[in-house]
Amino acid sequence: MIIDSHVHIWLRDHLPDPMVRAYLEPLRALKDLFDMELDVENVWPDYGVDVSKVLEMMAAGPVDRAVVLPIDYNIVEKARIDIEDYNAWVFEEAAAYRDKVIPFVGVDPQRGDRAIGIMERFVKRYDALGVKVYPATGWYPNEERIRKFWTSANDLGLIAVTHAGAAWGPLDDRYTRPSFYDDVLQRYPDLKVMIAHLGGKYRQETYELCAKHANCYTDISALQGWLPSDPDTCLSRLREVAEKVPDRASFGTDFPLFDLSYASSMWLSFVKDRPWADEDVKAKVLGGNMQRLLGL
Ligand SMILES: [Zn+2]
């Protein structure tokens, strides 16, 4: 089974304007690098991605299951649509494809009791299996004021997916080090925490946390940012995965953020076909580890 553990969907009004502009920055860099013909300035500002686009991507893979992660940026900059309505839209979009699309809740722990209320409602209404969080909006995972949030996520049996590494625009990457999860992983041994993008520039911290805590996981989404220009760096990251976290790492695309420059189906083929691990390890990373985590 192939599982893409990191996918996003949104309608334009679900995201704050400054975040939409921030998404342009890495694309602009790519555009300069590859002299892309695509006019990102024109495409991106109105860009929306619904579940039908995810299903197309999955069919092209092919990918059997995709985990959809809404993100709550609204504490930093307000979107035109409330975060609970954005989450409801994601779960309603996914509802018709329960055998393929698995939505998580996306909420900022800084909302305090409201964040906890949203998690509880989505577990009750939709059997939500996880929650996506984004420390770059201005919080440290090990802060006292966030503890109630972790207690609640733990009590609800949710998997927590966290952004780590680079952050753009109005977001602040001083909060995005994996090591800030050391306390959380220690305090809640049953709470599974998935550190996205291998932790980005802090990936050594992710490897250390995974060695220390059985409840620490990671995903390889965004590594295709090295492609197509630098396959060697991408392969060396994947070899680290095989060596250090073969039972904890999960395939992901971060769809649709890289698809304008490198199709998700090409990223899947790269992971499947290149010589970075034996077939057993590849099968675990491509789906087995996430399948176990999701209880599928
Ligand atoms: Zn993402």
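Higher on the page you've got the structure.
Residues numbered from 1 in each chain as written. Predicted model: local features only at pLDDT ≥ 70, side-chain atom pairs only at ≥ 80, totals over all residues.

**Section: the overall build of the chain**
Looking only at helices and strands, one finds eleven helices and nine strands in the chain. Relative to the 2.2 N^0.38 estimate, which gives 19 Å for 296 residues, the radius of gyration of the chain is 18 Å and therefore close to what a compact globule would have. Its C-alpha atoms give the chain principal-axis dimensions of roughly 45 × 45 × 40 Å. Counting the 296 residues in the chain, one finds 46% classified as buried. Excluding contacts between residues fewer than 6 apart, the proportion of contacts in the chain whose partners are at least 24 apart in sequence is 80%. (Helix = DSSP H or I, 4+ residues; strand = E, 2+ residues; numbered from the N terminus. Rg over C-alpha atoms; globule rule 2.2 N^0.38 Å. Buried ≥ 20, exposed ≤ 12 C-beta atoms within 10 Å, placed from the backbone. Contact = placed C-beta atoms within 7 Å.)

**Side note on unusual backbone geometry**
With an omega of -5 degrees, the peptide bond running from glycine 61 to proline 62 counts as cis. Turning to its location among the elements, proline 62 is positioned in the loop between helix H3 (51-60) and strand E2 (65-68). The omega angle of the peptide bond from leucine 227 to proline 228 is 5 degrees, so this bond is cis rather than trans. For proline 228, the location among the structural elements is in the loop between strand E8 (216-219) and helix H9 (231-244). Unusually for a residue other than glycine, histidine 197 sits at a positive phi of about 60 degrees. Within the secondary structure, histidine 197 sits in the loop between strand E7 (193-195) and helix H8 (203-212). Overall, histidine 197 belongs to the buried group, with 26 C-beta atoms counted inside 10 Å. Look at aspartate 254: it is not a glycine, yet its phi comes out positive at around 60 degrees.

**Examining helix H10 (residues 264-273)**
What H10 keeps buried is the set Ser264, Trp267, Leu268, Phe270 and Val271. Down the axis of H10, the buried set is contained in an arc of 160 degrees. They therefore lie on one face. Residues of H10 that are exposed and point more than 90 degrees away from the buried face comprise Ser269 and Asp273. (Arc of directions from axis to C-beta.)

**As for the nonpolar core**
Most often, soluble globular proteins have nonpolar side chains that are buried together. Within the largest apolar cluster, 85 residues are counted, with the highest numbers of intra-cluster contacts made by Val54, Val68, Met119, Ala160 and Val193. Those residues in contact with valine 68 that lie beyond four places of it in its chain are Val7, His8, Ile9, Val54, Val90, Ala94, Val101, Ile102, Pro103 and Phe104. (Core = buried A, V, L, I, M, F, W, Y, C linked by C-beta atoms within 7 Å.)

**Side note on the sheet that holds strand E4 (residues 105-106)**
Reading across from one edge, E4-E5-E6-E7-E8-E9 is the order of the six strands in this open sheet, with parallel pairing throughout. The open sheet has two free edges, formed respectively by E4 and strand E9 (249-250), since each of these has just one partner strand. The pairing of E7 with E8 spans three bridges and is parallel. Bridging from a neighbouring strand, isoleucine 195 pairs with threonine 218 of E8. (Pairing = 2+ DSSP bridges.)

**What about the packing of helix H5 (residues 113-126) against helix H6 (residues 147-155)?**
For any two helices packed against each other, the geometry is given by the interaxial angle and the distance between the axes. Two elements in contact, H5 and H6, have axes separated by 9 Å at closest approach and are oriented at 10 degrees. Taken together, the axis directions place H5 and H6 in an arrangement best described as roughly parallel. Taken together, the residues of H6 that come into contact with H5 (itself represented by Ala115, Ile116 and Met119) are Lys148, Phe149, Ser152 and Ala153. Of the residues contributing to the contact of H5 with H6, the split by class is five nonpolar, one polar and one charged. (Axes fitted to C-alpha atoms, helices over the stretch in contact; angles between N-to-C directions. Parallel < 35°, antiparallel > 145°, perpendicular 65-115°, else oblique. Nonpolar A, V, L, I, M, F, W, Y, C, P; charged D, E, K, R; others polar.)

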